[in-house]
Structure formats: structure tokens, C-alpha cells
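The lines below spell out each chain.
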2 protein chains.
Amino acid sequence: MVTIRDVAKKSGVSVATVSRVLNETGYVHEDTRKKVMAAVEELKYSPNEVARSLFKKKSKLIGLLLPDITNPFFPQLARGVEDEMQREGYRLLFGNSDENAEKEMDYLNTFIQNNVVGIISATNNKTKTNYKDLSIPVVFLDRTSNDYPSVYADGKEGGRIAADEILKRGSKRITLLKGPAHIQPAQDRFQGALEVLSQSSVDFHVMTTTSFAFEDAEKWAKELFATYPDTDGVLASNDIVATAVLHEALRLGKSIPEDLQIIGFDDIPQSSLLFPPLSTIRQPAYEMGKEAAQLLVKIMNKEKIEQQHIQMPVTFIDRNTTRKVDTNG
Amino acid sequence: MVTIRDVAKKSGVSVATVSRVLNETGYVHEDTRKKVMAAVEELKYSPNEVARSLFKKKSKLIGLLLPDITNPFFPQLARGVEDEMQREGYRLLFGNSDENAEKEMDYLNTFIQNNVVGIISATNNKTKTNYKDLSIPVVFLDRTSNDYPSVYADGKEGGRIAADEILKRGSKRITLLKGPAHIQPAQDRFQGALEVLSQSSVDFHVMTTTSFAFEDAEKWAKELFATYPDTDGVLASNDIVATAVLHEALRLGKSIPEDLQIIGFDDIPQSSLLFPPLSTIRQPAYEMGKEAAQLLVKIMNKEKIEQQHIQMPVTFIDRNTTRKVDTNG
DNA sequence: TTGTACGCGTTATCAC
DNA sequence: GTGATAACGCGTACAA
């Protein structure tokens, strides 16, 4: 390993001078600057971030905590965060919590131990105390928090839109799928849809699901049609579940969207590649990740923050699991 | 921040002793051990990994470099790596290269600067020199290398199997989709399929695609049927492309698998949720990630390695985009 | 404009 | 058994 001392020796100056040219701090003669740079080149010196981090008590590391990167919604988020952080010169320390408080704590601890200068968390954190005594900025992503800045999509509005759209398109016996209780965004969209549905005059059922896992989704789908065979509209808790419902409906020989309309939530990339392509409520995942990163960077730079909570807009993506709206009525 | 010095003061011993009880190195009286532990508890002390890393010249950090986490194949890999590394007490420094040599180099550098003790790379690395002067162990994942240990699926065999199966099931005019030239695994599976097809007596075309992006996939699919409208069997370069082909075929009113058989590659999670569910060649992504992590850990521990190159088995997943095999013929 | 010397928090080596 | 203390590589007062 080549250290700043080696560079100093090679260029015949002191380590202080080398440090000065590298960090562009303080005056340094052009000639010596060149000498130093030459030595740096020759030795292929690159500063030890660990030593730097120890001295300055701050690194160029950001902690990113996700529930599960295997859920297709999150890679987009992660990518948004990464691209922005990379632009700003930060690197990511990354972990999946599986919505498990212990894992969450564990990662948080190691983040701190590694001197990260900020954390972006998309985990559930019922026990809010987790984050209380962190002395570094935290931004929550895909979830709300009163105590911390956050970036999230307007789930409640998304739920309302979904319900509106399916009603407008004529479904009369709707099944509303309620996502896992401990996942806040799932509850928001459920509440929004429930609000609209309960003020309407159509029949509807609520069915509760307890996970977003691929493996479970098909189970719920079967159960749905077994329990409510005459359902003609499904508001799914996310696109995974919607996909399973679609799949099962086709298997049962239903025509989509004639016999049954389906609206998902998230607009994960593969939703547009389904057959028929899935109508859904889009969350701008990549942009959310980016926003969260930008917000965190601003906070770390102690810039003025206009808004602590950034609510991202949600839009209805009208594909082929919903009918064309009847403009005559 | 509470340091080892604070603990020492509080428990009335020296920092050396505190270090000894924490690291369980050297003798220390049970009574003092208890005193120290009490102080640790009370102060909620947890050691600074950065200082530790500086002194020992090794951290508990692993660098993980992926092409693009947004491609559904990679989250599985990443999760396999993470779960195993987490078990072993390592954390992940994570980056996407986008198959871009500059980004790759950049991440590699920052990995080194942060004292990572090992690297798992799933990137393309045409310029092999990149990794040459790294003084830490590297394991390649989802790609082969003569110079470094690696974990990868048997792509060539996968290609052969796919071709065999589609032939066995009676396709006569096959289109073989060739993946991006710079992605090694894509070429392997292509070669395998080509080998079998060229020894058979059926007609086949080769069509080259240049990316695995969702957005491009639909374009290739349209082009495929425009150019070869009478194709009755498609060997896709991966499941994304296969999905797009399936989608387009259904749009064109083809019956699957009667008019057209399709076999994908990878078995990404959503392939089973398509309609009809996609027949494909499965790569055990999660297990590959795990294997790579285990291999790297062994190398870091200087354990004896039986094999530097771990080739994972590939299997045909017989779902509904292929016909049932005719056992009479 | 440049160099000396100290400290960041930890571990390991040596005395005691 | 325990305590000083030197080192890890870097950045910054302060002195020159």
C-alpha cells in the first residue's frame, strides 16, 4: 500500500504539502504542485478513505436500508438513490431488513460503526426509537414519518384513483385486496380505495393478504375467486398480487377486461409486459429514490430545506386490464 | 461519540484492558471483565469500525459490483450474496456498473480505498487488467474467468437443453435470439443452442439483440414476427426477451404453445406468473450468489479450495409456453 | 509557501 | 492481570 508519506518522500516535500495539493487547501507553489502530482501518478497513489474518515469523523458512505431488494419495486428505488449519490461522490452501504426489527437495528448499528454520514431507510420501523439517537441525518423513503424527512408517493390518493377508475369503468362487485398490516404504504392505498368504495353504491368485499411474496400471491388469487366467484373488479394491493389475480382469472377462463377488471399498484417494469398489459397506479420509484438522495444530500450540506416531506404524484396507467371508459355515461 | 477511552475511564481500567475484554484476547480477571461490560452497556459503547479497520488494515466490508440491479435476474444474486455475507459478519459496499468500464473502475477504486477485504463482481470486464493489481481476493459471479475464481451457471449446456427441448416438442422453424455480444453468459447459451440446432434438420434463423432492457425487448419481438412470421419456436436470450415475444405473439393472435413455442432463460421470479407461465432454463440465481459468497469467505480465510470455478447446474422448467412432449414419437 | 507534530479510535507489544 | 504507548494513514494547527 502506498501512503501519503511515500508520495512526500518521492516528491521531496512534506506530507502536509502533499495533503494540501490533493485537497486543494492552502497555498502551494505551482512547481511543487506539479512535482507532487507527478509522484502521485507514478506511485498510483490514492488516499486511504479509512484514515481520512477516522480523522474527519465523516466518510463518503451512505447507508441504504431496504425491506427486500428481491421485491421488484425496490431495485428502481435503489437505482435512483445510487445514481444520485454516485453523482455526489457518495458510496452505498447496503442491506435488506426483511421488515425485521432486529436486522434493521443490526444494519443501523454497522452503518454507524462505519461512519456513514447519512441513511436512507425504506423499512417499516414500528419501533420508532430505533432512529432516535442516531446523530446523522436520516431520510425515509416509501414511507412517511412525522419525526424525519421523507419521500413517498401519495398512496391514499392512489387508492382513491384506482377505485374511481374501476367504478367509472363499470365494475359492480368489487374485491378490494388489503395488503400486509405492518406495511404503511399498503394501508394508505387501502384506505384511499375504501373511502371511495364505501361512498359508492356498488357491492364490495375486502380481502386481507399478509405478504407481497410471489409465492403467496397465487394462493390469494385462488382464494379470491373461490370465495367471490362473481367478482367483476379487483383492486390489488400491488402489481405482484395483481399479476397473480390476472393469471388465475385467465386460467379460469375469464375474459379480461370484459368479465373482470384489475388495477394494480406500483407499476413495476414487468407490468407492461404482461398479457394483457396491466392497468395500474404508478409510483415513480426511480424518481423517488433520486429525490430521497437529493434531500439527504441537502440536509447533509446543511442547505435550506423547503419541505421535509416530499409527496410524489401517483398516476393511473390505463392499460388493458381495464375497459375503455364509457364517455357517454 | 463514545470511545473506548470513555469506557476505560468509567470502569476504572486502561483502554488496553477494555480492548482485551472486547476482543477476548489475553487474560483478564473475571471481576474487571464484568466491570468493563457494565460500562459498555451503560455507555452503549460500540467499537468504531473505521479505527479498527485503519489499524488492522482490513475491514468487514465486501464490495459487490453488479451490472444493473434493475435487471430482475440480479436482485436474486445480490440477495444470495448478502444473506451469506451477513451470516459471516460482513457488510456490502454496493454498486452498479451498467457494463461500463469507467464506472467499474471507479467503484473498484473506492472499494479499495475503503479497505474492503474482498470483491464479488458480476460485471463484464473485457479489460481484464482492471482486476490484476488488486491485492484482495475477487470472485466473479455469473461470468467465467481463467484468472480468478468464479461461480456461474452452465450457459452452454442451458442453450443445448433449450434447443433439445424445443426440437423434441416439434418446432420446425425456429428463431434463435442472440443476446448482446459483450455479455459472456448470453453468448454461451447462444453457442449451446446453435450447436444443437445446426446439427438438427430443422430450419432456423438467428436474430441478434443488443440489450436486455425492458424497453427494447418489445421492439425485438415486433421485428421478429415481422421478419419471420411463420416461426413456430423461439429460443429467447433471456426471460425478459421471452416475455416480450410471448406478449407480441398473443397480441398477434397466435396460440401458445400450439402455434408457437417459447423458451426463455434465467427463470426470473415473474416468469411463473405470466400467462401462460413461461417455460425456461433456470439458473439458480440465489444459490449462485450464496456460493460466490461462500467461496470468497473461504479464500479470505485462506481455507483450502477444492475448486476455483463452480459451475452451477441449469434445468429446464417445463411450463406452458411449450407443448407436452410426445412420448410416442 | 512549506514543514513539524499532534490527534482521530483502535489494537498489539511490551513492561510491570 | 494490567497499563503505557506506538502505530495505522490522514488532515490541520501552528511555527518557520
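Rules and cut-offs
- Residues numbered from 1 in each chain as written.
- Chains lettered and ligands numbered in written order.
- Predicted model: local features only at pLDDT ≥ 70, side-chain atom pairs only at ≥ 80, totals over all residues.
- Heavy atoms only, no water.
- Helix = DSSP H or I, 4+ residues; strand = E, 2+ residues; numbered from the N terminus.
- Buried < 20%, exposed > 50% of the residue type's maximum accessible area, 1.4 Å probe, protein only.
- Contact = heavy atoms within 4.5 Å.
- Areas by Shrake-Rupley, 256 points an atom, 1.4 Å probe, with all protein chains shown as cover.
- Near = heavy atom within 4 Å.
- Polar contact = N/O pair within 3.5 Å; in protein donor to acceptor, adjacent residues only side chain to side chain.
- Least-squares fit on C-alpha atoms with pLDDT ≥ 70 in both.
- Patch = residues over 30% accessible without salt bridge, like charges linked within 9 Å, V, L, I, M, F, W, Y side chains within 5 Å.
- Salt bridge = Lys/Arg side-chain N within 4 Å of Asp/Glu carboxyl O.
- Lys, Arg positive; Asp, Glu negative; His and termini not counted.
- Charge placed at Lys NZ, Arg CZ, Asp CG, Glu CD.
- Phe/Tyr/Trp six-rings, centres within 6.5 Å; stacked < 30°, edge-to-face > 60°.
- Nonpolar A, V, L, I, M, F, W, Y, C, P; charged D, E, K, R; others polar.
- Pairing = 2+ DSSP bridges.
- Expected span 1.5 Å × (residues − 1).
- Axes fitted to C-alpha atoms, helices over the stretch in contact; angles between N-to-C directions.
- Domains from an automatic or database assignment.
- UniProt positions renumbered as here; feature names shortened; annotations may be inferred.
- Core = buried A, V, L, I, M, F, W, Y, C linked by side-chain atoms within 4.5 Å.
- Buried area = accessible area lost by both parts, 1.4 Å probe.

(A) Quick peek at the overall build of chain A. From N to C terminus, chain A includes 12 helices and 12 strands. Dimensions of chain A along its principal axes, counting C-alpha atoms only, are 85 × 35 × 35 Å. Buried residues in chain A amount to 56% of all 329 residues. Within chain A, counting contacts between residues at least 6 apart in sequence, those at least 24 apart form 69% of the total. Per element, the accessible surface of chain A, about 14,300 Å² overall, is 49% carbon and sulfur.

(B) Molecular detail of the protein's contact with DNA strand C. Close to DNA strand C lie 25 residues, the nearest being Thr-17, His-29 and Phe-55 of chain A together with Ile-4 and Tyr-45 of chain B. Near the protein, within 4 Å, the atoms of DNA strand C are sugar or phosphate in 65% of cases. The side chain of Thr-17 of chain A places a nitrogen or oxygen atom 2.6 Å from a phosphate oxygen of DNA strand C. Measuring from a phosphate oxygen of DNA strand C, one finds a side-chain N or O atom of Ser-19 of chain B at 3.2 Å. Where the surface near DNA strand C is concerned, the elements lending two or more residues are α2 (15-23) and α4 (49-56) of chain A together with α1 (4-11), α2 (15-23) and α4 (49-56) of chain B.

(C) Highlighting the relation of the copies chain B and chain A. For the match of chain B to chain A, the screw axis carries a shift of 0.0 Å, the RMSD comes to 0.1 Å, and the turn is 180°. Such a turn and shift between the copies fits a two-fold axis. When C-alpha distances to the rotation axis are compared across chain B, the minimum falls at Leu-93 of chain B, with a value of 2.4 Å. Taken as a fraction of all interface residues of chain B, those also at the interface in chain A reach 100%, which identifies the copy contact as same-surface.

(D) Seen up close, a positive patch on the surface. Together, Lys-56, Lys-58, Lys-60 and Lys-302 of chain A make up a positively charged patch on the protein surface. Accessibility expressed as a relative area gives 49% for Lys-58 of chain A, which makes it partly exposed.

(E) Spotlight on the packing of aromatic side chains. One pass over the structure, following the stated rule, counts 11 aromatic pairs over all chains. A centroid spacing of 6.0 Å and a plane angle of 45° characterise the contact between Tyr-107 of chain B and Phe-111 of chain B, whose relative ring orientation is tilted. Of this pair, Tyr-107 of chain B and Phe-111 of chain B both sit in helix α6 (residues 101-113), 4 residues apart, which is roughly one turn of that helix. By relative accessible area, Phe-111 of chain B is classed as buried at 1%. Among the aromatic residues, those joined into a cluster by ring pairs are Tyr-131, Phe-140 and Tyr-148 of chain A.

(F) The arrangement of the protein's contact with DNA strand D in detail. Of all residues adjacent to DNA strand D, which total 27 residues, the nearest are Ile-4, Tyr-45 and Arg-52 of chain A together with Thr-17 and His-29 of chain B. In DNA strand D, the atoms that sit within 4 Å of the protein are 65% sugar and phosphate, with bases accounting for the remainder. A distance of 2.6 Å separates a phosphate oxygen of DNA strand D from a polar side-chain atom of Arg-52 of chain A. In this structure, a phosphate oxygen belonging to DNA strand D sits 3.0 Å away from a side-chain N or O atom of Lys-57 of chain B. Broken down by secondary-structure element, the contributors of at least two residues to the surface near DNA strand D are α1 (4-11), α2 and α4 of chain A together with α2 and α4 of chain B. Looking at the surface near DNA strand D element by element, the count peaks at 4 residues for α2 of chain B. Of the residues contributing to the surface near DNA strand D, the split by class is 14 nonpolar, 9 polar and 4 charged.

(G) Representation of the pairing of strand β4 (residues 138-141) of chain A within the structure. Residue and element names in this part refer to chain A. Side-chain alternation along β4 places Val-138 and Phe-140 on one buried face and Val-139 and Leu-141 on a second face that is also buried. Bridge analysis of strand β3 (residues 118-121) against β4 gives 3 bridges, and the strand direction is parallel. Within β4, the residue paired with Ile-120 across the bridge is Val-139. Both β4 and strand β5 (residues 150-153) contribute to a ladder of 2 bridges, which runs parallel. Within the sheet, the bridge partner assigned to Phe-140 lies in β5 and is Ser-150.

(H) Seen up close, the pattern of salt bridges. All names here are of chain A. This structure, assessed with the given rule, holds 51 salt bridges over all chains. Across the pair Arg-52 and Glu-49 runs a salt bridge, and its minimum N-O distance is 3.2 Å. Of the two residues, Arg-52 and Glu-49 both sit in helix α4, 3 residues apart, roughly one turn of that helix. Residue Arg-52 is classed as partly exposed on the basis of its relative accessible area, which comes to 29%. Residue Arg-189 pairs with Asp-266 through a salt bridge whose shortest N-O separation is 3.7 Å.

(I) Main features of helix α12 (residues 285-300) of chain A. Residue and element names in this part refer to chain A. Helix length check: α12, at 16 residues, gives a terminal C-alpha distance of 23 Å against a target of 22 Å (1.5 Å per residue), a fit within 8%. Three or more residues of α12 are buried, namely Ala-285, Met-288, Gly-289, Ala-292, Ala-293, Leu-295, Leu-296, Val-297 and Met-300. Where α12 is buried, its residues meet β1 (61-66), α5 (74-87), β3, β4, β5 and β11 (309-312). Just beyond α12, the residue with positive phi is Lys-302, at close to 55°.

(J) Highlighting the sheet that holds strand β6 (residues 173-178) of chain A. All names here are of chain A. Overall, mixed pairing links the 6 strands, which are arranged β7-β6-β8-β9-β10-β12 in an open sheet. The outermost strands of the open sheet, each flanked by one partner alone, are β7 (203-208) and β12 (315-317). If you compare each strand with its neighbour and ignore which way they point, the axes differ by 20° on average. Pairing geometry for strand β9 (residues 261-266) and strand β10 (residues 279-282), over 4 bridges, is parallel.

(K) How the structure looks around the pairing of β5 of chain A. Residues and elements named next belong to chain A. What you see with β5 is no split at all: Ser-150 and Tyr-152 on one side and Val-151 and Ala-153 on the other are buried throughout. In this sheet, β11 lies alongside β5 in parallel orientation, the contact comprising 4 bridges. Its bridge partner being in β11, Tyr-152 is matched across the sheet by Gln-311.

(L) Representation of the domain arrangement of chain A. Domain parsing of chain A yields domain 1 (4-54), domain 2 (61-153 + 285-314) and domain 3 (155-284). The gap between the C-alpha centroids of domain 1 of chain A and domain 3 of chain A is 61 Å.

(M) Spatial organisation of the UniProt feature "domain: HTH lacI-type" (unreviewed entry) in chain A. Sequence positions flagged by UniProt for "domain: HTH lacI-type" (unreviewed entry) are, in local numbering, residues 2-56 of chain A. Annotated as residues 2-56 of chain A, this span is 71% helix and 0% strand, and its ends, taken at the C-alpha atoms, are 20 Å apart.

(N) Geometry of the nonpolar core. Judged by nonpolar contacts, the single largest core of 152 residues is most densely connected at Met-85, Ile-120 and Leu-235 of chain A together with Met-85, Ile-120 and Leu-235 of chain B. With near-sequence residues (within four places) excluded, Met-85 of chain A lies in contact with Ile-62, Tyr-90, Leu-92, Ile-120, Ala-293, Leu-296 and Val-297 of chain A. Core analysis: the second largest hydrophobic core is formed by 28 residues, Phe-140 of chain A together with Leu-93, Ile-119 and Val-138 of chain B among them.

(O) The interface of chain B and chain A, seen in detail. Of the residues lining the interface, 48 residues belong to chain B; the matching set on chain A comes to 48 residues. Both sides together, the interface formed by chain B and chain A hides about 4,600 Å², and carbon and sulfur atoms give 59% of it. Linking chain B with chain A are 6 salt bridges, by the criterion used here. Ionic pairing is found between Arg-91 of chain B and Asp-106 of chain A, a salt bridge with its closest N-O pair at 3.2 Å. Scanning the region where chain B abuts chain A turns up 20 residue pairs in polar contact (both at pLDDT 80 or more). Elements with a contribution of two residues or more to the side of chain B that touches chain A: α4, α5 (74-87), β2 (91-96), α6, α10 (214-227) and α11 (239-251) of chain B. Among the residues forming the side of chain B that touches chain A, the class breakdown is 21 nonpolar, 16 polar and 11 charged. Of the pairings in the sheet, the one linking strand β2 (residues 91-96) of chain A to β2 of chain B comprises 3 bridges and is antiparallel in character. Residue pairing across strands places Leu-93 of chain A opposite Leu-93 of chain B, the latter belonging to β2 of chain B.

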